[in-house]
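# Analysis of the macromolecular model
Each chain is listed here by its residues.
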Amino acid sequence: KAGVTQTPRYLIKTRGQQVTLSCSPISGHRSVSWYQQTPGQGLQFLFEYFSETQRNKGNFPGRFSGRQFSNSRSEMNVSTLELGDSALYLCASSAGTSGIQDTQYFGPGTRLTVL
Amino acid sequence: GESVGLHLPTLSVQEGDNSIINCAYSNSASDYFIWYKQESGKGPQFIIDIRSNMDKRQGQRVTVLLNKTVKHLSLQIAATQPGDSAVYFCAENILAQKLVFGQGTRLTINP
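Residues numbered from 1 in each chain as written. Chains lettered and ligands numbered in written order. Predicted model: local features only at pLDDT ≥ 70, side-chain atom pairs only at ≥ 80, totals over all residues. Heavy atoms only, no water.

### Topic: the sheet that holds strand 3 (residues 19–24) of chain A
All names here are of chain A. Taken in spatial order, the four strands of this open sheet run 1-3-8-7, and their pairing is antiparallel. Each of the sheet's edge strands pairs with one partner strand only, and the pair in question is strand 1 (5–7) and strand 7 (64–68). Across this sheet, the average inter-strand angle for adjacent strands is 20°, counted without regard to direction. Sheet analysis places strand 7 next to strand 8 (residues 74–78), joined by five bridges and oriented antiparallel. The partner of Gln68 across the bridge, within strand 8, is Ser74. (Pairing = 2+ DSSP bridges. Helix = DSSP H or I, 4+ residues; strand = E, 2+ residues; numbered from the N terminus. Axes fitted to C-alpha atoms, helices over the stretch in contact; angles between N-to-C directions.)

### Looking at the layout of surface pockets
By volume, the largest pocket amounts to about 540 Å³. Residue lining of the largest pocket: 24 residues in total, with A:Gln37, A:Leu88, A:Arg111, B:Gln38 and B:Gly41 positioned closest to the centre. Looking at the lining of the largest pocket, the elements that each hand over two or more residues are strand 4 (31–38) and strand 11 (110–114) of chain A together with strand 8 (86–94) of chain B. With three residues, strand 8 of chain B is the largest single contributor of residues to the lining of the largest pocket. Space inside the second largest pocket adds up to approximately 200 Å³. By residue number, the principal contributor to the lining of the second largest pocket is strand 4 (residues 45–51) of chain B, which donates three residues. Its residues assigned to classes, the lining of the second largest pocket shows five nonpolar, two polar and three charged. (1 Å grid on protein atoms, 1.4 Å probe; cavity = no way out; pocket = protein on both sides within 12 Å on 5 of 7 lines; lining within 4 Å. Points joined across faces, edges and corners; volume = space filled by probe spheres on them. Nonpolar A, V, L, I, M, F, W, Y, C, P; charged D, E, K, R; others polar.)

### What about the confidence of the model for chain B?
Mean pLDDT over chain B works out to 89, with 92% of the residues at or above the 70 mark. Contacts of residues 1–6 of chain B to residues separated by more than four positions or lying in other chains number 23 contacts, the stretch itself having pLDDT below 50. (pLDDT = per-residue confidence, 0-100. Contact = heavy atoms within 4.5 Å.)

Here's what the structure looks like:
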């Protein structure tokens, strides 16, 4: 089975712009979670989608949003980018039947740099 | 914040020795715990998990111990190999709503 894929792998944006990141889960997985990883804050949970609905949400401002499509692929969007949004954005997929307790498999991440 | 990662604790061990990586978790309501390994340039890789109704679980060369009394989790890696060099994260599942990750420990293997 192919693993979780994320596109693009690297992205450079400027302050004020918006960005969309994409995640394709492992085939058959219905849950997709997004995380932000920075040296200062470590790995932080953004949100989780299951069956096209946001099921869980972390403590991030409304500039961070996401969606999930009927084929379980997911996108996350960050609007009005700030320098502090520079991070590695990780997507993880799981079967989704037990919520966050399912084993989550991570993609390689998208490295976002905001200038 | 819920996790800090600027200066990772580092553990150096000799190849072939056993490694023990420790983690203190924050919420007594957490009922599911996972260890992940992250190599440079890659996403975290699942190693082993444990539910709160257990205090020990073994995998291939790895053992996780859970002490709910003191909210402590440990990962033991037997016969450490060069490929074990990575950053190791523990994560706790809080009320089935989100995963909270620890700060991570960098494991370095000396030849």
